[in-house]
Amino acid sequence: MQPLQQPGNGRQYMNLFSTRSASAFALGIALLAAVHPAHAQSAHTWDKRGQAAEAKENYDEAYEDFRQAWLKKPSDLAYKTRYERLKFQAANQHLDRGRVLRQSGDLAAALLEYQRAIQIDPSNEAAAQEIQIIARPTMGPIGGTMAVPAGGPGATNNGGPLGTPGTPLLPGMAEQTPHQLQVQRDIASMAAPIALRTVSDDPITLHMVEDTKIIYQAIGKAAGLNVIFDPEYTSKRIPVDLTGVSLFDALRIVGTLGGTFWKPVTSNTIFVAQNNRAKRTDLDDMAVQTFYLTNVSQQNDANEVLVALRNVLDPSIKIYLVASQNAIVMRATPDQLVLAEKLINDLDRTRAEVIIDVAVLEVNRSKERDLGITLPQSLTMTPQYSNANTSSSSSSSSSSSSTTTSTSGITLNTLGNLNATNFAVTLGGGTVNALLTDSDTRILQNPRIRATDGQRSTIKIGSKIPVATGSYSSTLSTSSAYGVQTQFTYLDVGVNLDITPTVHYDREISLKLKVEISSQSGSVTISDVTEPIISQRVAEQVIQLKDGEPSLLAGLFEQEDQKAVSGTPGLGEIPLLKYFFSSTDRTRSSDEIVFLLIPHIVRESVLTEENTRAIYSGTGQSVELIRRDPSEVLAAMSAAQAARIAALTQTTPPPTSTTTARAASAMLDQIAQQAQPMKPGTIVPSAAANAAAATVQSAPGAVGVPVTVSVVPPVANQAVGATFQVALLAANANDLYSMPLQVQFDAKVLQLVNVDAGDLLGRDGQAVAMVHRDEGNGAVTVTASRPPGTLGISGQGTLAMLTFRAIGKGNSNVSLVRLAAKNSQGKDVPAVSSQGVVHVQ
């Protein structure tokens with residue numbers, strides 16, 4: 001069909017398309033793993049590109065670049081190391097995306113993410129396990145712990161086998177023997193406790209005075225139930241006056257008036273008996289359930305939950321804690337199991353966590369001033385030889401001369417003729433002091449510690465100092481000894497913090513803390529062993545703060561003043577003259593430590609009304625629950641929870657429909673066949689893509705969940721000049737009528753060729769109007785809408801197919817910058833989007 005030229009700014013095209021299965025082609029492209037060999041670029045260039053992509057946290061692109069670098073030089077360990085490291089990160093990124101999609105109900109898109117993770121890293125067991133979870137029929141009660149039945153090869157899904165003996169269905173599944181397969185079938189065949197399925201849910205109005213058997217039969221006929229009685233039961237006449245009550249309320253009222261109780265035998269049959277302890281024990285149905293605790297960090301936490309269950313429930317029930325699995329196994333009545341599940345849901349909650357910012361500021365200042373004049377402080381006189389005792393002689397006829405000095409000591413003659421020349425005087429030197437020393441030291445330590453509610457956390461900043469704690473001497477005999485052996489221990493010296501937080505439900509935090517600041521101030525010798533002298537300052541207290549409220553711990557202050565005076569006695573003490581005959585040395589030092597603690601709550605233990613509301617639990621003889629009306633249950637829950645419940649309780653499709661497990665199996669076969677690279681621009685539809693598309697088409701839209709539009713580009717790198725398609729997949733659509741959006745891409749790398757309609761909006765055979773307008777600079781406005789007067793479409797599928805031509809080398813993001821969805825009433829529908837990347841070489 002030729003495009004119709006429309007007036008306006010830029011080019012505008014409008015085509016009408018009938019329904020076509022374009023999603024199969026898009027998903028086929030997404031599954032292709034073959035990458036074109038790039039011979040033009042060196043390994044170093046690929047490596048630099050990979051490092052740049054990793055810095056931007058684009059792990060997919062970085063993984064492919066490092067892979068190409070390693071393929072260029074397999075012997076280079078640096079390239080191999082980066083390739084292996086990014087293999088793990090890229091695979092886990094797809095794994096995380098798949099988990100988010102699975103939780104939102106988009107199983108088909110989640111399956112693609114898991115397959116991509118396995119394609120990148122075949123050893124990723126977590127992705128294989130997630131595929132197994134999708135393949136299994138997930139069951140579980142509303143709220144509390146979800147129970148995933150055992151599956152695997154040989155297990156049945158909607159009546160069809162998921163595998164054959166000896167052939168693993170999914171990666172990570174080990175081959176199983178026929179006996180193991182039979183065990184799996186036996187486990188899967190076990191049914192849950194019987195639940196009533198009434199023909200009519202209309203309110204019951206009953207006014208009569210009759211025998212209890214007749215009243216029970218009347219109620220059963222109104223609800224479409226069969227009623228049978230215990231042969232030992234003796235009925236009696238009771239008055240009943242009921243107006244507009246539910247079936248379960250009517251049965252409970254009649255049971256209270258007649259002293260009876262009832263139990264379901266089949267989905268449409270109840271058994272009535274006398275309400276006493278013996279009959280309850282004989283007739284109560286028992287079930288076994290395993291509850292997995294998800295938030296216990298130590299066995300004491302699990303023990304506390306176990307003690308609570310034993311004290312609240314009947315002591316006769318069987319309950320056991322499996323500590324190695326963090327699981328509690330119970331055998332009790334269905335009502336007791338539901339009550340236990342409620343208690344576990346209330347008690348097994350995420351512990352709150354806090355981050356404590358600690359600022360340790362130490363200010364040490366020392367100031368010294370030495371000023372003054374010091375005169376000589378000593379005079380020494382030493383006797384010596386007289387100059388008269390020294391003689392010299394010379395000769396004119398000779399060129400030599402000699403001097404003779406007496407070397408004998410002081411004689412009596414010398415003592416008798418003492419004079420000034422016989423004494424040597426030594427005078428000490430004087431000094432002028434003018435010294436000023438001022439040192440200011442500031443030490444700031446700013447650690448951050450994260451602690452769990454009620455758990456002790458410590459932080460130590462400093463060093464360990466050895467300290468001798470004892471010694472002993474080991475000898476074999478009196479003549480031989482091995483010497484003295486000394487034992488040492490190590491002390492933590494520095495800043496030591498010991499913090500135990502308690503997070504309260506009013507967002508206040510109690511901190512039990514011990515702060516210790518210690519240092520080595522000297523040493524002492526004890527019994528020939530030198531021991532360090534440790535000075536310490538310790539503060540231990542319990543404080544309560546609000547979230548973000550600072551606590552200042554000050555007062556750890558030490559100040560020392562010293563004064564030393566030296567000078568001439570007497571003169572150094574006279575006013576004014578003392579500045580010329582003495583010197584004064586003043587020293588002042590101060591040391592102050594300030595602690596600042598600021599707690600921040602980073603994870604709360606959320607307490608909801610469901611955790612605190614009272615529930616009816618029966619009488620003193622037995623546990624019996626009163627069920628809410630289903631509409632009240634959904635009204636009390638959030639939209640996301642209601643959508644999840646609706647997805648879990650919807651009718652199972654017939655065995656002939658495509659299941660997620662078969663789609664996964666087909667995808668694995670397709671990946672295994674992708675050994676040959678695909679030519680640029682070639683689109684190969686695969687069985688995996690068709691099966692996944694069928695799964696997508698059969699999924700209903702989730703109420704209250706925004707429409708998700710995902711950009712699915714081809715996985716393979718494109719060559720310049722190649723033509724390829726990018727799919728826009730929509731998920732969680734509910735009454736979707738039209739979808740205007742704007743696509744943004746790099747105009748230097750890609751050129752838009754055409755926009756085709758997908759299969760989603762035309763799934764019922766209606767024609768789809770597809771309009772697109774080139775805004776320039778890589779921006780294209782696309783609008784897909786259904787014919788006027790028709791209802792919207794619910795479910796998942798391909799919204800549009802964008803055909804591009806690669807015109808330049810590089811990477812281009814294909815993103816949806818504007819997104820607006822409308823339903824058949826013309827009202828806006830919430831919508832979110834994701835982007836994709838196209839690689840052109």
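That block above? That's the structure.
Here the structure is a predicted model, which means the values were calculated and not measured.

Rules and cut-offs
Residues numbered from 1 in each chain as written. Predicted model: local features only at pLDDT ≥ 70, side-chain atom pairs only at ≥ 80, totals over all residues. Heavy atoms only, no water. Core = buried A, V, L, I, M, F, W, Y, C linked by side-chain atoms within 4.5 Å. Buried < 20%, exposed > 50% of the residue type's maximum accessible area, 1.4 Å probe, protein only. Helix = DSSP H or I, 4+ residues; strand = E, 2+ residues; numbered from the N terminus. Contact = heavy atoms within 4.5 Å. Pairing = 2+ DSSP bridges. Axes fitted to C-alpha atoms, helices over the stretch in contact; angles between N-to-C directions. Patch = residues over 30% accessible without salt bridge, like charges linked within 9 Å, V, L, I, M, F, W, Y side chains within 5 Å. Areas by Shrake-Rupley, 256 points an atom, 1.4 Å probe, with all protein chains shown as cover. Salt bridge = Lys/Arg side-chain N within 4 Å of Asp/Glu carboxyl O. Lys, Arg positive; Asp, Glu negative; His and termini not counted. Charge placed at Lys NZ, Arg CZ, Asp CG, Glu CD. Polar contact = N/O pair within 3.5 Å; in protein donor to acceptor, adjacent residues only side chain to side chain. Phe/Tyr/Trp six-rings, centres within 6.5 Å; stacked < 30°, edge-to-face > 60°. Lys NZ or Arg CZ within 6 Å of the ring centre and 35° of its normal. Left-handed = near helix turned anticlockwise from the far one by under 90°. Nonpolar A, V, L, I, M, F, W, Y, C, P; charged D, E, K, R; others polar. Parallel < 35°, antiparallel > 145°, perpendicular 65-115°, else oblique.

## Remarks on the nonpolar core
Phase 1 of the analysis: Residues Leu728 and Leu750 are the most contacted members of the largest nonpolar core, which totals 37 residues.
Phase 2 of the analysis: Among the elements of the structure, strand E25 (707-712), strand E26 (723-744), strand E27 (750-757), strand E28 (768-776), strand E29 (779-785), strand E30 (793-806), strand E31 (810-819) and strand E35 (836-840) are those that each provide at least two residues to this core.
Phase 3 of the analysis: Ranked by residues supplied to this core, first place goes to E26 with nine residues.
Phase 4 of the analysis: Aside from chain neighbours lying at most four places away, what touches Leu728 is Val709, Ser710, Val711, Leu741, Gly797, Thr798, Leu799, Ala800, Leu802 and Leu816.
Phase 5 of the analysis: With 25 residues, the next largest nonpolar core counts Val358, Val503, Ala539 and Leu553 among its residues.

## Examining the sheet that holds strand E8 (residues 269-274)
Phase 1 of the analysis: Read across the sheet, three strands follow the order E5-E8-E7 without closing on themselves; strand pairing throughout is mixed. For this open sheet the edge positions go to strand E5 (226-229) and strand E7 (260-266), each flanked by a neighbour on one side alone. Direction aside, the axes of adjacent strands within the sheet are offset by 30 degrees on average.
Phase 2 of the analysis: Note: E5 against E8, four bridges, orientation parallel. Each residue of the ladder has a partner; that of Val227, found in E8, is Ile270.
Phase 3 of the analysis: Each of E7 and E8 is contacted by helix H9 (residues 247-258), which is oriented at about 135 degrees to E7, the strand it contacts most.

## Let's talk about a positive patch on the surface
Phase 1 of the analysis: A cluster of like positive charges, contributed by Lys367, Arg369, Lys563, Lys578 and Arg586, occupies part of the molecular surface.
Phase 2 of the analysis: By the element assignment, Lys563 lies in strand E23 (residues 551-567).

## A short note on the side chain of Asp759
Phase 1 of the analysis: For Asp759, the position within the fold is in the loop between E27 and E28.
Phase 2 of the analysis: The charged side chain of Asp759 is buried without a salt bridge, its nearest counter-charge being Arg763 at 4.5 Å.
Phase 3 of the analysis: A polar contact is formed between the side chain of Asp759 and the backbone nitrogen of Thr798, at a distance of 3.0 Å.

## Things to note about the packing of aromatic side chains
Phase 1 of the analysis: The full count for this structure, using the stated rule, is seven aromatic pairs.
Phase 2 of the analysis: With a centroid separation of 5.8 Å and 25 degrees between ring planes, the pair formed by Tyr63 and Tyr83 is classed as stacked. Here Tyr83 lies in helix H4 (residues 77-103) and Tyr63 lies in helix H3 (residues 59-72), a separation of 20 residues in the sequence.
Phase 3 of the analysis: The buried category is assigned to Tyr63, whose relative accessible area is 5%.
Phase 4 of the analysis: Taken together through their ring pairs, the aromatic side chains of Tyr63, Trp70 and Tyr83 make up a single cluster.
Phase 5 of the analysis: Just above the ring of Phe229 sits the side chain of Lys213; from NZ or CZ to the centre is 5.5 Å.

## Structural notes on unusual backbone geometry
Phase 1 of the analysis: Positive phi is not limited to glycine here, since Asn326 has a value of about 50 degrees.
Phase 2 of the analysis: Within the secondary structure layout, Asn326 lies in the loop between strand E10 (318-322) and strand E11 (327-332).

## Things to note about the pattern of salt bridges
Phase 1 of the analysis: Applying the stated rule across the entire model yields 28 salt bridges.
Phase 2 of the analysis: A salt bridge links Asp230 to Lys279, with the nearest nitrogen and oxygen atoms 2.8 Å apart. With Asp230 in the loop between E5 and strand E6 (237-245) and Lys279 in helix H10 (residues 277-283), the pair connects residues that are 49 residues apart, well separated along the chain. A single burial state applies to Asp230 and to Lys279, both of which are buried.

## Some remarks on the sheet that holds E10
Phase 1 of the analysis: Within the open sheet, the three strands sit side by side as E9-E11-E10. Their pairing is antiparallel. On the outer flanks of this sheet lie strand E9 (287-292) and E10, each paired with one strand and no other. Each neighbouring strand pair of the sheet contributes to a mean axis angle of 15 degrees, computed without reference to strand direction.
Phase 2 of the analysis: Each of E10 and E11 is contacted by helix H11 (residues 299-312), which is oriented at about 175 degrees to E10, the strand it contacts most.
Phase 3 of the analysis: The strands that helix H12 (residues 334-347) touches are E9 and E11; relative to E9, the one it contacts most, it runs at about 10 degrees.

## Here's the deal with the packing of helix H2 (residues 43-55) against H4
Phase 1 of the analysis: One way to put it is that H2 packs onto H4 with a least axis distance of 12 Å and a crossing angle of 35 degrees. The chirality of how H2 crosses H4 is left-handed. Contacts from Ala43, His44, Asp47, Gln51 and Glu54 in H2 reach Tyr79, Arg82, Arg85, Leu86 and Gln89 in H4.
Phase 2 of the analysis: Residue classes in the contact of H2 with H4 are distributed as three nonpolar, three polar and four charged.

## A word on the packing of H2 against H3
Phase 1 of the analysis: At a closest axis distance of 8 Å, the pairing of H2 and H3 adopts a crossing angle of 160 degrees. On the basis of the axis angle, H2 is roughly antiparallel to H3. Remark: the crossing between H2 and H3 carries left-handed chirality. Note on element contacts: H3 touches H2 through Tyr59, Glu61, Ala62, Asp65, Phe66, Gln68, Ala69 and Lys72, opposite Ala43, Trp46, Asp47, Arg49, Gly50, Gln51, Ala53 and Glu54.
Phase 2 of the analysis: Partitioning the contact of H2 with H3 into residue classes produces seven nonpolar, three polar and six charged.

## What about the pairing of strand E21 (residues 508-526)?
Phase 1 of the analysis: Both E21 and strand E22 (residues 529-546) contribute to a ladder of 18 bridges, which runs antiparallel. Bridge pairing in E22 places Glu508 opposite Lys546.
Phase 2 of the analysis: Hairpin connection, E21 to E22: the antiparallel pair is bridged by two residues, and Ser527 has positive phi, about 55 degrees.

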